[in-house]
Amino acid sequence: TDPRKAQAVASHPKPFVVVAGTFAPRRGAERYYTPLTEGREQAAVLALKHFGMANTRDSALRVHRYCQKNFDEPVEVGGHSQGALVAVWLWLFRPDWYLPPVMLAGPWAGALLCQTWYPLGAALRSMASESRFLHEVTEAFAALPTDDRTLLTSVVGRGDRVVQLTTAMVPGATNICIAPERDHVELSREFPGLELVEGDVGHSSMPRSSLVREVIDRRLAEVRARSERR
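I will try to describe carefully the structure that is included in this document.

Rules behind the numbers
- Residues numbered from 1 in each chain as written.
- Predicted model: local features only at pLDDT ≥ 70, side-chain atom pairs only at ≥ 80, totals over all residues.
- Heavy atoms only, no water.
- Axes fitted to C-alpha atoms, helices over the stretch in contact; angles between N-to-C directions.
- Helix = DSSP H or I, 4+ residues; strand = E, 2+ residues; numbered from the N terminus.
- Left-handed = near helix turned anticlockwise from the far one by under 90°.
- Contact = heavy atoms within 4.5 Å.
- Nonpolar A, V, L, I, M, F, W, Y, C, P; charged D, E, K, R; others polar.
- Parallel < 35°, antiparallel > 145°, perpendicular 65-115°, else oblique.
- Salt bridge = Lys/Arg side-chain N within 4 Å of Asp/Glu carboxyl O.
- Buried < 20%, exposed > 50% of the residue type's maximum accessible area, 1.4 Å probe, protein only.
- Phe/Tyr/Trp six-rings, centres within 6.5 Å; stacked < 30°, edge-to-face > 60°.
- Lys NZ or Arg CZ within 6 Å of the ring centre and 35° of its normal.
- Arc of directions from axis to C-beta.

## Quick look at the packing of helix α5 (residues 56-70) against helix α6 (residues 82-93)
- One way to put it is that α5 packs onto α6 with a least axis distance of 9 Å and a crossing angle of 65 degrees. Here α5 runs over α6; the crossing is right-handed. Where α5 abuts α6, its residues Thr56, Arg57, Ala60, Leu61, Val63 and His64 lie against Gln82, Val86, Trp89 and Leu90.
- The residue inventory of the contact of α5 with α6, partitioned by class, reads 6 nonpolar, 3 polar and 1 charged.

Here's what the structure looks like:
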């Protein structure tokens, strides 16, 4: 294979879909997530509320139908909060359509901690670690080869009080924590292998951060290149 041709293919931007979080503004989701999509040739924001949050798997299938209808090549996908789990489900169960996704503050270990911070316990029960959907995702991910698991990216903020670091970390994936530099030594000792980026972002501000956009673009390029080399 010609290395120059492979590099050109890997650098070609793919369609990019953002799966919004459960509590993203219904009517303003596209505008809210604009910092993640602006400048991309093909991009879309899909809000879970448009599809209903009662059945997460059904939401994932609706996202997939949208991508089938609107794109004719593999899709890069990012998900915020609960939308991150939908993004991972899409990749795990339709790898022919989706490149390994980037999760932003995804509640990988369940959202039980969220109930400490939000007075929305009833709405969050479907996101708890007992969720059948979450078990399906985590079991399928654990069955992947080691190299494939590293292609998944989980990005979380050190100060996120909705989905905390220990809740968002994905065993075997590439875990990136955005944290003040003063916390880096402590975090690297507590979580060996954690990639640290200097900054400070919260749960709701993560999709709007230019720093997070930089992290996403870097990881998409890395994953794209590795995928094309296979």
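Still more to cover.
## Side note on the packing of α6 against helix α9 (residues 132-142)
- Closest axis-to-axis distance for the α6/α9 pair is 10 Å, and the angle between their directions is 50 degrees. With respect to α9, the element α6 is oriented oblique. Between α6 and α9 lies a crossing whose hand is left-handed. When α6 is examined against α9, the residues Leu85, Val86, Val88, Trp89, Trp91, Leu92 and Phe93 are found in contact with a partner set consisting of Phe133, Leu134, Glu136, Val137, Ala140 and Phe141.
- Classifying every residue of the contact of α6 with α9 by side-chain character gives 12 nonpolar, no polar and 1 charged.

## As for the pattern of salt bridges
- In the structure shown here, the tally under the stated rule is 9 salt bridges.
- Ionic pairing is found between Lys14 and Glu73, a salt bridge with its closest N-O pair at 3.8 Å. With Lys14 in the loop between α1 (3-11) and β1 (16-19) and Glu73 in the loop between α5 and β3 (76-80), the pair connects residues that are 59 residues apart, well separated along the chain.
- For Lys14, a relative accessible area of 13% corresponds to the buried category.
- In this structure, Arg158 and Glu186 form a salt bridge, with 3.4 Å as the shortest nitrogen-oxygen distance. A residue pair is termed long-range when its members are at least 10 positions apart, and Arg158 in the loop between β5 (153-157) and α11 (165-168) and Glu186 in helix α12 (residues 184-190) qualify at 28 residues.
- In this structure Arg158 comes out as partly exposed when scored by relative accessible area, which is 30%.
- Connected through shared salt-bridge partners, Glu195, Arg218, Arg219 and Glu222 make up one network.

## Side note on the packing of aromatic side chains
- Enumeration according to the criterion identifies 5 aromatic pairs in this entry.
- Consider the rings of Tyr66 and Phe71, whose centres lie 6.3 Å apart with planes at 70 degrees: the pair is edge-to-face.
- The class of Tyr66 is partly exposed, set by a relative accessible area of 29%.
- Relative to Phe141, the ring of Trp108 lies with its centre 5.4 Å away and its plane at 80 degrees, an arrangement referred to as edge-to-face. Taken together, the residues span a long stretch of sequence, with Trp108 in the loop between β4 (102-104) and α7 (114-117) and Phe141 in helix α9 at a distance of 33 residues.
- On the accessibility criterion, Trp108 (7% relative accessible area) is buried.
- Classification of Phe141 by relative accessible area gives buried; the value is 2%.
- Connected via pairs of aromatic rings, a cluster forms that spans Trp91, Trp108 and Phe141.
- Of note, Arg40 hangs over the ring of Phe16, and the distance from its end group to the ring centre comes to 4.2 Å.
- Taking NZ or CZ as reference, Arg208 lies 5.4 Å from the ring centre of Tyr32, over its face.

## Notes on α9
- Along α9, the residues that are buried comprise Phe133, Leu134, Val137 and Phe141. The buried residues of α9 all sit within an arc of 100 degrees when viewed along its axis, so they share a single face. For α9, the exposed residues lying more than 90 degrees away from the buried face are Arg132, Glu139 and Ala142.
- Structurally, α9 contributes buried residues whose contacts are with α5, α6 and α10 (146-149).

Functional significance is not addressed by these values, which are geometric in nature.
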